[in-house]
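Breakdown of the fold
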Amino acid sequence: MDEIVALLEKQRTFFQKGKTKELQFRLTQLQKLKRIILKYENEILEALKKDLNKTEFEAYMTEIGMVLDEISFVSKNLKNWVKPEYVKTPLAQFLSSSKIYSEPYGVVLILAPWNYPFQLAIEPLIGAIAAGNCAIIKPSEESSYTSKIIEHIINEAFKTEYISIIQGGREASEVLLEQKFDYIFFTGSVAVGRIVMEKASKHLTPVSLELGGKSPCIVDETANLRLAAKRIIWGKFLNAGQTCVAPDYLFVHREVKMELLLLMKHYIKKFYGADPSNNTKFPKIINQKHFHRLTNLLEGSNILIGGQSNVQSNQIAPTILDKVTWDSPVMQDEIFGPILPVLEFDQIQEVVTQINQHPKPLALYYFTNHKSRERKLLKHTSFGGGCINDTIVHLATAHMPFGGVGDSGMGGYHGKASFDTFSHKKSILKKSNLLDIGLRYPPYQNDLKWLKVWLK
Ligand code: NAD
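Our subject in this report is the structure included herewith. Owing to the predicted nature of the structure, the values given are computational and were not obtained by experimental measurement.

With that settled, the discussion passes to the site of the ligand. Neighbouring the ligand are 24 residues, the closest being Ala 112, Glu 141, Ser 189, Leu 211 and Glu 334. Contact between the ligand and Ser 173: a nitrogen atom at 3.2 Å from a side-chain N or O atom of the residue. Contacts to the ligand include Glu 210, whose backbone N or O atom sits 3.4 Å from a nitrogen atom. When the free accessible area of the ligand is taken as 840 Å², the share hidden by the protein chains comes to 92%. Those elements that place two or more of their residues in the shell around the ligand are helix H7 (170-178), strand E6 (183-187) and helix H8 (190-202). Element by element, the count of residues in the shell around the ligand is highest for H7, at three residues. In terms of residue class, the shell around the ligand is built from 13 nonpolar, six polar and five charged. Split by domain, the shell around the ligand shows at least three residues from each of two domains, domain 1 (2-211 + 410-428) and domain 2 (216-403).

The structure is reproduced here in structure tokens:
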């Protein structure tokens, strides 16, 4: 507790010195971060292997590579983003100019989860550095190897008065959340997201909540079924389904259901082999608690494909469940594992209605070649973001904000959106002293008719 209070005080004092506000300082720190990640690339890959059995390819694609790419993008554009933005001024304020300044919040807290433990701790940090903040990161206690290497690289690259790590679980988070930060960036579950927002409200601290939920994946009868099957299997079973934007469940048109399922079976075998629960290259479930939570979901279910599990290696094979309804246990919460339940539909309107009866999802995927249905679905459902004819990849771009809405979270980041998230937008109107229109000053004469000319 005392240690955290002292650290926060130290960061506050450092922030007040104004160093972090200099563009060159921010760019130098981003390059330092990039260099240290490259230096410890092998150690990061090893840690991700130990925590989640990620292959080097998957770990580079979804964690290290994404982070390096984000640093390059932000570094290239930061000079333009930090400039004050000139905007128009209403005629009523003649003679003035207006500018929006992006200023850092101050000391920010980043709370990260375990599923992409490296990327989800470092990606927000890039935004925090770019915007000129100091930061304290608390990585997840569940992915302990990755959390250790994050601590090592952050301590080697930065002074603790600028960026530092606090390790620990729930207790450490609770102590951190008692403190007054200037911004809190949380990635994790809906339940903990609520706690974070409640604690933040005590200090009126603004928050970003990057949460989860049940993200639907829809396939209609006009879709390219082969590609749909391939892209769904990839997106669902990446990191063994422990991905916030993984398709949580499948909605398939009754006419093409069997054909799609056969193709999915084909791709599961092609990607992961005949018995993926013994595939040493398939990611594992993070811990025993989650392993048992997931295998319990399989009890009494109608398993169409997969279903094998290996308690020694904590692996569960890619599994597809049939004869599922909204009352099935697997449909009550976010699955967050390699299990894909299948629901059927006849009309896209049924899908729209059912999605709208549930909390707003983080992602939605629609496989179709029908333009007006695509427009209808996008217009009448609300969700964080998603893809038409693909899964997951909408988040792998620095050109669009990534985030949830409603129960799936608030606030977006990646690229410019990260810079904006970690910046307060300070609006300044600068008035000339050459002219001073008297209309607004009391005592008010019979000037209302003039006021109505200006304000209508
Ligand atoms: P979690 O909410 O259990 O933990 C997230 C962080 O909060 C961890 O650092 C943890 O130590 C801390 N924490 C846990 N309990 C706490 C408490 N009571 N008070 C304060 N802090 C607490 O989430 P998780 O299990 O690590 O991650 C899985 C969840 O995260 C899933 O719901 C997933 O969808 C979501 N997620 C969302 C995104 C996104 O970008 N939207 C990305 C990854 C994961």
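A few words now on the pattern of salt bridges. Taken as a whole and judged by the stated rule, the model has 18 salt bridges. Put simply, Glu 63 and Lys 54 hold a salt bridge, and the shortest N to O gap is 2.6 Å. A relative accessible area of 0% means that Glu 63 is categorised as buried. Exposure remark for Lys 54: the relative accessible area of 1% places this residue in the buried category. Note that Glu 178 is salt-bridged to Lys 199, the shortest N-O span being 3.1 Å. Of this pair, Glu 178 sits in helix H7 while Lys 199 sits in helix H8, and the two are 21 residues apart along the sequence. Accessibility expressed as a relative area gives 34% for Glu 178, which makes it partly exposed.

Relative orientation and spacing of two packed helices are given, respectively, by the angle between their axes and the distance between those axes. Direction vectors running N to C along helix H12 (residues 348-356) and helix H13 (residues 371-380) enclose 15°, while the axes themselves pass 10 Å from each other. For the element pair H12 / H13, the angle class is roughly parallel. Like other packed secondary-structure pairs, H12 and H13 cross with a definite hand, here right-handed. In this structure, H12 uses Ile 348, Gln 349, Val 351, Val 352 and Asn 356 to contact H13, whose residues at the interface are Arg 373, Lys 376, Leu 377 and His 380. Of the residues contributing to the contact of H12 with H13, the split by class is four nonpolar, three polar and two charged.

Mapped onto the elements, Leu 340 comes out in strand E14 (residues 339-345). For Leu 340, a relative accessible area of 0% translates into the label buried. Residues Leu 340 and Leu 238 lie 102 residues apart in sequence; the distance between their C-alpha atoms is 13 Å. Apart from the residues within four sequence positions on either side, Leu 340 is in contact with Ile 232, Lys 236, Pro 247, Asp 248, Tyr 249, Leu 250, Met 264, Thr 319, Ile 320 and Leu 321.

Our focus in this paragraph is the pairing of strand E4 (residues 134-138). Among the five residues of E4, five are classified as buried, and the element is accordingly described as predominantly covered. Residues of E4 alternate between two faces, with Cys 134, Ile 136 and Lys 138 on one and Ala 135 and Ile 137 on the opposite face, all of them buried. Both strand E3 (residues 107-111) and E4 contribute to a ladder of five bridges, which runs parallel. Looking across to E4, one finds that Val 107 is bridged to Cys 134. Read as a crossover between parallel neighbours, the route from E3 over helix H5 (residues 119-130) to E4 is right-handed. In this structure, E4 lies alongside strand E5 (residues 163-165), joined through three bridges in parallel fashion. Looking across to E5, one finds that Ile 137 is bridged to Ile 165. Once the chain exits E4 it traverses helix H6 (residues 144-157) before rejoining the sheet at E5, and the crossover so formed is right-handed.

Cut-offs used in this document
- Residues numbered from 1 in each chain as written.
- Predicted model: local features only at pLDDT ≥ 70, side-chain atom pairs only at ≥ 80, totals over all residues.
- Heavy atoms only, no water.
- Near = heavy atom within 4 Å.
- Polar contact = N/O pair within 3.5 Å; in protein donor to acceptor, adjacent residues only side chain to side chain.
- Areas by Shrake-Rupley, 256 points an atom, 1.4 Å probe, with all protein chains shown as cover.
- Helix = DSSP H or I, 4+ residues; strand = E, 2+ residues; numbered from the N terminus.
- Nonpolar A, V, L, I, M, F, W, Y, C, P; charged D, E, K, R; others polar.
- Domains from an automatic or database assignment.
- Salt bridge = Lys/Arg side-chain N within 4 Å of Asp/Glu carboxyl O.
- Buried < 20%, exposed > 50% of the residue type's maximum accessible area, 1.4 Å probe, protein only.
- Axes fitted to C-alpha atoms, helices over the stretch in contact; angles between N-to-C directions.
- Parallel < 35°, antiparallel > 145°, perpendicular 65-115°, else oblique.
- Left-handed = near helix turned anticlockwise from the far one by under 90°.
- Contact = heavy atoms within 4.5 Å.
- Pairing = 2+ DSSP bridges.
- Right-handed = clockwise from strand over helix to strand, strands pointing away.

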